[in-house]
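Descriptive structure summary
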Amino acid sequence: MRTAKENGQDMQQSWTPKEITPESVGAEPTADGLRDLLGGRFDVADQLLREKALVFRGFGVAPGTLDPVLDLLLPNRLAYVQGNSPRTKVGENVYTSTEYPAEYAISMHNELSYAHQWPARLAFFCEQAAATGGGTPIVDSAALLEALDPEVRAAYAGGVRYTQNLHGGHGFGKSWQETFETDSRDEAEAYLASTGATWEWNGSGDLKLRQVRPSTTRHPVTGAEVWFNQSDQWHVAGLDGETARTLAQILPEDDLPQSVSFADGTPIPAEYITHVRDTAWRLAVDVPWRTGDLMVIDNVAVAHGRQSFTGPRRVLVAMSD
């Protein structure tokens, strides 16, 4: 395979998110000042369409003043139903960002791109910045698609198949109760029936779930085609950490908490996964956090990840349609 640079692509991404400070918009440097801005002359939808990602710094937002700001940034906050990453719900459809060991980075992804529907916007709030690292890198999803080797894009054209093994309360990974935020099988099945997924229960009360999804999608407003799948996070070649690697050695791939193949069941070559992951990292723009910062992104136009870090770090996330 050729690299994106060999394909004629510039590996340095020129796009960056728009940073908004009280000084740049003539607002008070307080949470009330930000709320007045968002409720008045600042059109979030228009700005997000043009800029893809917005970073708000210097407004002194705190946990106690967060909700009114989120109400303006995310008019219809969604629950994290069918999410595969470990999180804790801390408020009205507000969650911790992925609870993954600090020493590992999290690769670029569009939230819930493996599901039948996904949030249009994500908002991140930095309650406590890490001592070092811990930024949220973001990448232009259309630029990522363009930068990928034609061989990889062609191979993915038929889509991908995601497989999840969700235990019933005891096992590796997330339980189906956590994933669907219910203890009722009937409610979980009612949700799944609308998704185009197939599923089966075993005698232990565990749930195996399969979904075939496209590898790309088009932005609902601009029409731009973007890379939009999480194969590099679901594939064994993308696993980080000793526990994950051990699991991959002792369990058949189809029995792992999550795995991925091409839509027809053909294995995805490990070198494709590495190429996608590494290309996304090369194009990514890191957004370092300061306590009190907020960032809102267009979840189709932009993928996000996480840098490794040291010290305590607490970043909250909410999403909307």
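Presented here is a report on the structure given in the accompanying data block.

This part covers the sheet that holds strand β2 (residues 53–56). Pairing is mixed across the open sheet formed by 7 strands, whose spatial order is β1-β2-β15-β6-β18-β4-β3. Either end of the sheet is taken by a strand with one partner, and the two such strands are β1 (18–20) and β3 (89–91). Across the sheet, the mean angle separating the axes of adjacent strands is 25° when strand polarity is ignored. In terms of strand pairing, strand β4 (residues 94–96) meets strand β18 (residues 314–320) through 2 bridges, oriented antiparallel. Across the sheet, the residue bridging to T96 is L316, located in β18. The strands that helix α3 (residues 44–51) touches are β1, β2, β6 (121–128) and β15 (294–298); relative to β2, the one it contacts most, it runs at about 115°.

Looking at the element boundaries, D67 is found in helix α4 (residues 63–73). Looking at D67, the relative accessible area reads 36%, which means it is partly exposed. Linking D67 and E253, residues 186 residues apart in sequence, is a C-alpha distance of 41 Å.

This part covers the sheet that holds strand β5 (residues 106–109). With antiparallel pairing, 3 strands are arranged side by side in an open sheet as β5-β16-β8. Of all strands in the sheet, those bounded by a partner on one side alone are β5 and β8 (138–140). Direction aside, the axes of adjacent strands within the sheet are offset by 15° on average. Relative to strand β16 (residues 302–306), β8 runs antiparallel, the two being bridged by 3 bridges. By the bridge assignment for β16, V139 is matched with A303. Seen against the sheet, helix α11 (residues 270–283) touches β5, β8 and β16 and runs at an angle of roughly 85° to β5.

What follows is about the pattern of salt bridges. Using the criterion set out here, one finds 14 salt bridges in the structure. A salt bridge links E51 to R50; the nearest nitrogen and oxygen atoms lie 4.0 Å apart. Residue classification places R50 among the partly exposed positions, given a relative accessible area of 49%. In this structure, R77 and D71 form a salt bridge, with 2.6 Å as the shortest nitrogen-oxygen distance.

Here we take up α4. Listed in full, the buried residues belonging to α4 are L66, V69, L70 and L73. All buried residues of α4 project into a common sector of 105° when viewed along the axis, lining one side.

This brings us to the pairing of strand β9 (residues 160–166). When you tally the buried positions in β9, you get 6 out of 7 residues, the bulk of the element. As judged from the 7 bridges shared by β9 and strand β11 (residues 207–213), these two strands associate in the antiparallel manner. Note on β11: the bridge partner recorded for Y162 is Q211. Pairing of β9 with strand β14 (residues 258–262) involves 5 bridges; the strand directions are antiparallel. By the bridge assignment for β14, T163 is matched with S259.

A few words now on unusual backbone geometry. A positive phi is found at K52, a non-glycine position, where the angle reads about 75°. One can find K52 in the loop between α3 and β2. The backbone of E181 shows a phi angle near 50°, a positive value even though the residue is not glycine. Mapped onto the fold, E181 is located in the loop between α7 (176–180) and α8 (185–192).

Counting across every chain of the model gives 10 aromatic pairs. Here Y156 and F262 contribute two aromatic rings whose centre-to-centre distance is 5.3 Å and whose plane-to-plane angle is 85°, an arrangement assigned as edge-to-face. A residue pair is termed long-range when its members are at least 10 positions apart, and Y156 in the loop between α6 (150–155) and β9 and F262 in strand β14 qualify at 106 residues. With relative accessibility at 9%, the residue F262 sits in the buried group. Seen in terms of ring centroids, F180 and Y191 are 5.7 Å apart; in terms of plane orientation they differ by 55°. Their pairing is tilted. Residue F180 is located in helix α7, and its partner Y191 is located in helix α8; the two are separated by 11 residues in the primary sequence. Look at F180 and you get buried, because its relative accessible area is 6%. Exposure remark for Y191: the relative accessible area of 21% places this residue in the partly exposed category. Through pairs of rings, three or more aromatic residues link up here, namely Y114, Y162 and W234. Above the plane of the ring of F309 lies R313, whose end atom (NZ or CZ) is 5.4 Å from the centre.

Calculation criteria
Residues numbered from 1 in each chain as written. Predicted model: local features only at pLDDT ≥ 70, side-chain atom pairs only at ≥ 80, totals over all residues. Heavy atoms only, no water. Pairing = 2+ DSSP bridges. Helix = DSSP H or I, 4+ residues; strand = E, 2+ residues; numbered from the N terminus. Axes fitted to C-alpha atoms, helices over the stretch in contact; angles between N-to-C directions. Contact = heavy atoms within 4.5 Å. Buried < 20%, exposed > 50% of the residue type's maximum accessible area, 1.4 Å probe, protein only. Salt bridge = Lys/Arg side-chain N within 4 Å of Asp/Glu carboxyl O. Arc of directions from axis to C-beta. Phe/Tyr/Trp six-rings, centres within 6.5 Å; stacked < 30°, edge-to-face > 60°. Lys NZ or Arg CZ within 6 Å of the ring centre and 35° of its normal.

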